[in-house]
Structures are given as C-alpha cells and as structure tokens.
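Residues per chain are reported as follows:
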Amino acid sequence: MFKSKLILSNSAESIGTVLPLNQCLAKSRKTNLNTVLPGRLVLSHCHVVGEVARAMILRMPGWLREDLFQDGSELIAAAHDVGKVSPTFQNKIYSNLAQRNESVLSLLKEFNPDLEKNWKGHGGVSQASVSAENVGKFIPEILGQHHGFSPDLSQYQATSGVFGGQLWHEHRLDLLAQLKDKLNVDFPIVKSDLQAKVLSGLTSVADWIGSGALFDDPSDDNWLPLVDRALDEAGFVKPQLKSGLSFTDVFGFTPKDTQVKLIEATNQPGVYILEAPMGLGKTEAALYVAYQLIEKGLATGLYFALPTQLTSDKIHERVNQFLERILDEDSPHKKALLVHGNAKLKQFVMGEEGNPGGAWFAQGKRGILAPFAVGTIDQALMSVMNVKHGFVRTFGLAGKVVILDEVHSYDSYTGTILDSLVSALRQLHCTVIILSATLTLERRAKLLGETPSQTGYPLITAQANNTGLKEIAVAKISDVCVNIHHKNSQSSFEEALNRASQGQQVLWIENTVNEAQLAYKKLGDRAQSLGIDCGLLHSRFTKENRATNEDKWVTLFGKEGVSSRTKHGRILVGTQVLEQSLDIDADFLITRIAPTDMLLQRLGRLWRHANPLRAPSAKREAWIISPELDLAISNPKSAFGASANVYAPYVLCRTLQVWQGLAEVNLPSDIRSLIEATYASQDEEEDMLKHRHQLEITCAKLQSLALRGLSKGGTTLSEESAQTRHSELESTDVLLIRSYQQDQAKQGTWVTLLNNQKLWVPNNGRSLPSNQWRELSATLMQNTLKVTDYLAPSAVSRLQVKWLADYFYLGKPELEENVPLRVAIVDQSGAVKSINNVNNDSYSIEYDEIKGYQASKLGTKYDQ
C-alpha cells in the first residue's frame, strides 16, 4: 500500500520532478554473462521503430500503401512506446539493472511497477496519452494493444497520478513532438477497424525488428543504415521470380481443362472457388495462379492454409518444389517458411519476439509474415478474431494470395469464422482461392456472400473484385467406380490382414487417435508374423517422430513408393491426417463411418495413381465400419462410439442413411448428390427429430461462440485459448524428454532427449552464438507435441520451467498468462510424468516412437 496520496490518486496532480527524457530507458540488454545493462532510450528506440516501419512500407506495392499504409503510418509505430515515459515503467527497468542508479530509484520509489498490470503495462499509458491529442479512436487503440492485449483504461486518463500526473504527461507529449520532427510526418487518418488491425500489425512487427540485436547497442547513433539489413534478415524481401514460366515449365506436365480455366479466371484479386474431385491437381492450379499474380505485381506473396498441422511436411515439399522452379537462384525465399523443421526456424531473424523464447519464434505463427508460407488455417482464422496478436496475422496476410485447402461443409463453428475471414481478405486486397471436393450449395453461398445457381461438377466460381459472379463449367471427368461394403470391426481386421497377405497396400482410417492406436495394436502383432509391414500415423507424435514416420509411410504409399509395392503387403493405420492433403495411394480402404465429406476424401486415397505394379488381386473397394441404421438412430452414442464425440450424431445418422444402400459410388459424378443428400434440410420424426434438434442447439451455441471470438470488444483471448475449431479446444504443447540435470554452478541444464541425445541448455540462451541459440531452441521444439489439456501431464509453475524461458515462450506474468507449455519425463518403460513427478489425475500416459502419445483413463485402456 502506498503512503503517498498522490500515487493512489488518478487525478491530474503532479509530482515535483520527473525523469528527463535523456534518462528514460526503453530497453535493457543482457550480456553473454547474463549481466543486465541499460539499453536504448525511449526516444532512440521509438525513432528506430518508426524508421523500420517506414522502410517496411516502402517495400510494399503502391496499391497496398495507398489504401492501407498512408503517409504517417510510421509515426503510429514510432509512438508505440510513448507510455514508457512513466514512473512505474522506469522504476521497473532501473530496478532490474546490474548497477543500481540510486538517485533515479529514489525519485521513482513511490511508484510500484506491479500496478502496471492494471492497465496492461506501458501500452495503456501510450493509449491514454495519445487519446488526449484528438487523433480519433483507432490510433490510441493501436498503441495500447501493440503487445497483443487491449488495456482497460476505464479508471485512467493521460494525467492520472499513477501515470506521473501532468508533468510526466507533458514529457510524453514532448517525446511525441520530437518523433514527428525526426520522421517529418503527422498521424494519418485511419478509416476503418480493419485498417487499424493492419496498422497494429505493422506497429508490433516493426517494434520486434527494431528491438533486435542490430539495434542493441545504445551508444551506436549510426543505426539508420542497419534498418534495411534488419528487414532483409527478417525475410521482408521482395520475391525474385523467374518471368514468363508456363504451367508446364513449373510442374512438368500439361494442365487439365479445370486447371486451365481456373488460371484464366483468376486474373485479379477476389474470391475463387474450385470444386473438383480428389487427385485432379487443385493444388498445382492454385499455386500457378499465385505465381502469375505475384509476377504481375497483383499480389505480395502466398499463404497456403492447410486444415490442420496433421497435414505435415509433404504438402510443404510440394510448395518448396514449386518455389524452386519459380524463384531466381539468388532469391532468399527458395524455401517457404514452414510449420515444421529446424532449418526453417533458423532461416530468418524476426527481432525480439521472433527470438527463441519469444511468442513468435514458433514457426506456425511466424510463417504467416513471410512472402511464402505454408501453415494451418487456424493462423489465418485468428487474423479476424479478438485474439492476442491477431492483428499481426492480419498484417501478414494483406495483399497475398491466400489458398484455403480442403474446405468442407461440416463444422458450423469454423465455418462462421471462415466466412468472416474471406470477407476481410477481400478488403485486404488478397486473392482468395478456396479448394474443395465437397461443398454444398448453401456453404458456397455463405463463402461468396451471394447465392450461386450452378450445380455442375467440377465447377469454378469466380468473384473478382468489382465484378459480378461467374460460374464456369469445366470438362467432365471420367468416372471411376468404387465398390462399397458395410462391415463390423472384427471382419475388417481379418480382411485387412488377408488383403495385405496378397501384397495389397491397405489404408485403415479411424476418427480418433485412441481408436487408431487400438486398431494398430490389434493388427500389428499378427501382421508381423505374416511378413506384413504395419504403420501408424496420427497427431500425437513429437514433431521429430512424426516427420520420420510420415516420411517413411507417405513415401511408401506415394508415387515414390511404386517400386516397393511388389515386395510385400502393408497396412497403414491413421486418423484424419490420411484424408487431407497427402498424396497417398492405397489398393484397399477400410474406414470408420464419418460424415460424407470425410468419406469422400478418404475414397480419394484409393487407386489415386495409375500404377502397373498394383497387386493383381486388388479391387477399387472400400469397407466402411458402421453400425446398423436402426441401432444408430435409437442410440447413436453406443452405436458410433467415440466417433459420436468427434462428429454430430445427427450428421453420422444422415450419412449412414445415404450410404447404407450403396453397393458402389461413381466418382466424381456422385459427389455433389451425396453431399447434398447428407446436408439438405428434410422433415424428421421421433429420434431423428431429437438428434436434429440437438444439432441445431449445438450449432447455435457454436456460432455464438464463434461470433464472440470475432467480437472486437470484450477480453482479448490468448493464442492458446483461441478457439478456431470446436474439436480442438484447450490444447497445450508438451515437451517430452528422458531426463534433465540442472547445474547451478555452470548456470544451465543437461537435457537428455528421447533419442538419448544430450544437450547443454544454458539458462542464458544469449550466451550462445545466435545461430546456435536458435538451433538449440528448434531442436527442443522438435521434441514437442500438442495434446488436449486434460490429457496432458500436470502443469507446473513458471519457476519450475524458468530454465527454458530463453527457448520457449512461457507467457508473461504481468499479463497474467498461464505457462503454455508442459514438460514431462518419459522413462525407459514409456511412462510419462510431469517434471515434478506428478501423474495426471485421471489418465495413465505413455509414449513411444511407434504408437505415439497414449492416454488411458485410469482402470481402462485407450479410453479417450
């Protein structure tokens, strides 16, 4: 409790003295010996950030600058830290220096830095100060949220006592005036909330880069020539494309009619939907469109959004092959910044937040800022949500070609956010290409914002900016016939082994990880005795193990594995990862019943390639593990089991109604009718009416949740709790290691990884050369996986994992963020416990590189 009446007050009273601007620090800096020294002054740091922002804007095309980044935008970025000219912040930074300045600390002693959490730190002071200058509502809000969260200023104003009163406020205004003079600009007029989001992103990213190592030395006044170098190192470099390449030049084959027509139609920013069957080359068509638009100067880059992280490195390899063909040899972007992989994490230096231990070192986030990136659709969806640093993602997408792959009709929650995303991307001068094999007419209408009329298939729907809707029919594709059988689990196990014994390549797809693990366990031992290879792919592997497994199995089931098929049969068991974006080819498919969208995707893995070496006994055939329809309708939870927790029972029942009488499916001609039959509105009775009513209630709740996430007001969500899809709520990253031994004398920790590799992890990562620091952090990240919160090892305090703070983002206590990381020990038996040797209260957890992360409810096996 403060003694001073002044400090307790929010009035405009002032203390008698203030810290001169030439003593107000913006930063401290750590030496290799972990000594904390003064960094740049607030004025110097703000000027650096303003010049970084100006240089970033100058690297943008004129059409993007003119609409979203008008003159003066750099001043917004520069003004972000005006609020650091405040007594609480200066007390905090001076208190942490190795050498105490008692005269300064004596001046500031009445101001408790802990109070800053009440207004979300110095950003709140920046917002309050600039709000008093009549610059509109958007610019102060941008300054207030540059660290990700909007402050609550309901009890504060620019001259509040806790901010130092009138004299400190005048100092802040003096700082602002000096920044205007140094940059020779004034604030621009910000026209809309969306433009404000983009400028917020510019401000944050410029701050991160301007806080990087190149600008660490406060005595270096000749820093301006370093700005362009900093942007180059961060990857903000215009792509250098080879010009005039044809589709055949890029991909090595002649485009099909569908590909040609999409390329012809997509000649300017807008929204374009390509509905076509699996294996038609939608990815190549979309990538070539991106190449043409970037070459013509109509787009700034490419973001390829996949459904989930499970779709992994194989699509990244395809994008990288594309980049190898279109980019000049000396282009720094020969490799896309990908979600996985050590090399990509080390490629570009993003500054403070992009350093190891920063919130944006994680590749899945940082990639969205690169000219070329492959990532999850979640990162794109968060660009329109009220989520921490959502505006950084908005900034990262502006002007790009955004390819949304594998968009389906299922999931009203994600669909609500996706509709908002598509609308926002249009305003950001993006070209949006939506790829799908399975859209209903209703879903297509929501994405476009108007009702299309054509129902042909395949079909291109083009909605270029400032022009009307065009629906473009394409050449019919010859049908292939897939034989369909409905079977139970036991007969399916026997058939899988029988087919593999004949030399066939068998794909088995389940709807949950634990069901896939159980199926693998039942098949594995018997398969080995028969000389059959058996593999397992799902989401609960460490990144390192998943990459190894996928490389092996996707290669064997892909084009490169054709020559290996004749050696012996194989069974690959997996989850939804096997239905999305992977170019795999099976002789025979067994799948658990799933919504029609997903079943069609899974059928697309059958006989995908022309293969003369296919086993002679193979038939294009799929077995669907499904219950009797009457049992499913009367008791879906029992009949569908765990699948009813993943997909709505009503949709599963409707799917079973549509598919139960089918002896064969003709692809692609049956795709449209099967989708519409599953999702079209119809009258229901008794149990089906009850299931539909339950689905309607659930959809209403999910849409309400989605709209809440899209809300511009209320509490800003953390990135960890942001809900971009209903099926993946409240998940956490888990680092799995064999052991760790801390060495207090040497100030570090010996960590043994699962592969028994030993790493020395210094407490101070900055004591390492920059490339080694980043490599060490990336190696640790390769030993993480993401699991649902309740299946994770027990959480521990920030203090217990503080030794990892320079390698993983552990949240910010001042923002009351929880640690978004669990650390667990895997013993030689495979048992998993948290590092404080505490078990999960409800689940027994095991891990091995073959089956992955297994969580069994105590007293059962493979329960969840």
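Per-chain numbering applies: the sequence of each chain, read as written, is numbered from 1 onward. Per-residue local features of the predicted model are confined to residues with pLDDT of at least 70, and side-chain atom pairs are confined, for both listing and counting, to 80 or more; whole-chain, interface and lining totals are unaffected and use all residues. The basis for every side-chain value is the complete set of heavy atoms in the structure, and neither hydrogens nor water enter the calculation.

**So, the packing of aromatic side chains**
Any aromatic ring pair is given by two values, namely how distant the centres are and how the planes are angled relative to each other. Just so we agree on the cut-off: When the centres of two rings from Phe, Tyr and Trp lie within 6.5 Å, Trp using its six-membered ring, the rings pair. Their planes under 30 degrees apart give stacked, over 60 give edge-to-face, and anything left gives tilted. Only protein chains enter the accessibility calculation, which uses a 1.4 Å probe; a residue is then buried when its area is under 20% of its type maximum, exposed when over 50%, and partly exposed in between. In this text, helices come from DSSP runs of H or I with a minimum length of four residues, and strands from runs of E with a minimum of two, each type numbered from the N-terminal end. Our definition puts a charge over a ring when NZ of Lys or CZ of Arg is within 6 Å of the ring centre and also within 35 degrees of the ring normal.
The full count for this structure, using the stated rule, is 16 aromatic pairs. With centroids separated by 5.4 Å and ring planes inclined at 80 degrees, the aromatic side chains of Phe247 and Phe253 adopt a geometry described as edge-to-face. On the basis of relative accessibility, which here comes to 5%, the residue Phe247 falls in the buried class. Taking 5.2 Å as the distance between ring centres and 55 degrees as the angle between the ring planes, the aromatic pair formed by Trp750 and Trp760 counts as tilted. Taken together, the positions of Trp750 in strand β19 (residues 748-752) and Trp760 in strand β20 (residues 758-762) put the pair 10 residues apart, joining distant regions of the chain. Of the residues examined, Trp750 reaches a relative accessible area of 40% and is grouped as partly exposed. By the ring-pair criterion, three or more aromatic residues cluster together here, those being Phe247, Phe251, Phe253, Tyr288, Tyr291 and Phe322. Above the ring of Phe588, the side-chain terminus of Arg499 is found at 3.9 Å from the ring centroid. If you follow Arg614 out to its NZ or CZ, it ends over the ring of Trp607, 4.5 Å from the centre.

**Describing the sheet that holds β19**
To keep it simple, the criterion reads: We call two strands paired when DSSP finds no fewer than two bridges between them. Whenever a helix is involved, its axis is fitted only over the stretch in contact; in every case the axis is a line through C-alpha atoms, and angles between N-to-C directions fall within 0 to 180 degrees.
Strand order in this open sheet of three strands is β18-β19-β20, and the pairing throughout is antiparallel. The outermost strands of the open sheet, each flanked by one partner alone, are β18 (739-743) and β20. The mean angle between the axes of side-by-side strands here comes to 20 degrees, regardless of whether they run parallel or antiparallel. In the sheet, β19 pairs with β20 via five bridges, with the strands oriented antiparallel. Bridge pairing in β20 links Trp750 to Trp760.

**What to know about the confidence of the model for the protein chain**
What counts is decided by this rule: Looking at any residue, its pLDDT shows the predictor's confidence there, from 0 to 100. Contact criterion: two residues are considered in contact whenever any of their non-hydrogen atoms come within 4.5 Å of each other.
Per-chain confidence: the protein chain averages 86 in pLDDT, with 89% of residues scoring 70 or above. The lowest-confidence element of the protein chain is helix α1 (residues 5-8), averaging 35 in pLDDT; the highest-confidence one is strand β14 (residues 588-592), averaging 98. Throughout residues 1-15 the model reports pLDDT below 50, and contacts reaching past four residues in sequence, or to other chains, amount to 41 contacts. Every residue in residues 338-346 scores below 50 in pLDDT, and together they form 36 contacts with partners more than four places removed in sequence or on other chains.

**A few points about the sheet that holds strand β6 (residues 401-404)**
Spatially, β5-β4-β6-β7-β3-β8-β9 is the arrangement adopted by the seven strands of the open sheet, whose pairing is mixed. Edge positions in the sheet fall to β5 (372-376) and β9 (470-473), since each of these pairs with one other strand and no more. Along the sheet, successive strands turn relative to each other by an average axial angle of 15 degrees, direction set aside. Sheet topology note: the strand β8 (residues 459-464)/β9 ladder contains four bridges and is antiparallel. Looking at the pairing, Leu459 lines up with Ala473 of β9.

**A few points about the environment of Leu497**
Take Leu497: it is sitting in helix α22 (residues 489-501). Look at Leu497 and you get buried, because its relative accessible area is 4%. Separated by 33 residues in sequence, Leu497 and Leu530 have C-alpha atoms that sit 8.4 Å apart. Sequence-distant contacts of Leu497, defined by excluding residues within four places in its chain, comprise Leu523, Arg526, Ala527, Leu530, Ile532 and Ile571.

**Topic: the pairing of β18**
Two strands pair when backbone bridges link them, and β18 and β19 are joined in this way by five bridges, in the antiparallel orientation. Counted as the bridge partner of Tyr740 is Val751 from β19. Counted between consecutive antiparallel strands, the loop separating β18 from β19 contains four residues, among which Gln747 sits at a positive phi close to 55 degrees.

**With respect to the side chain of His122**
Within the secondary structure layout, His122 lies in helix α7 (residues 122-131). Given a relative accessible area of 8%, His122 falls into the buried group. Contacts of His122, omitting those with residues within four sequence positions, involve Asp81, Gly83, Lys84, Phe89, Glu116, His146 and His147.

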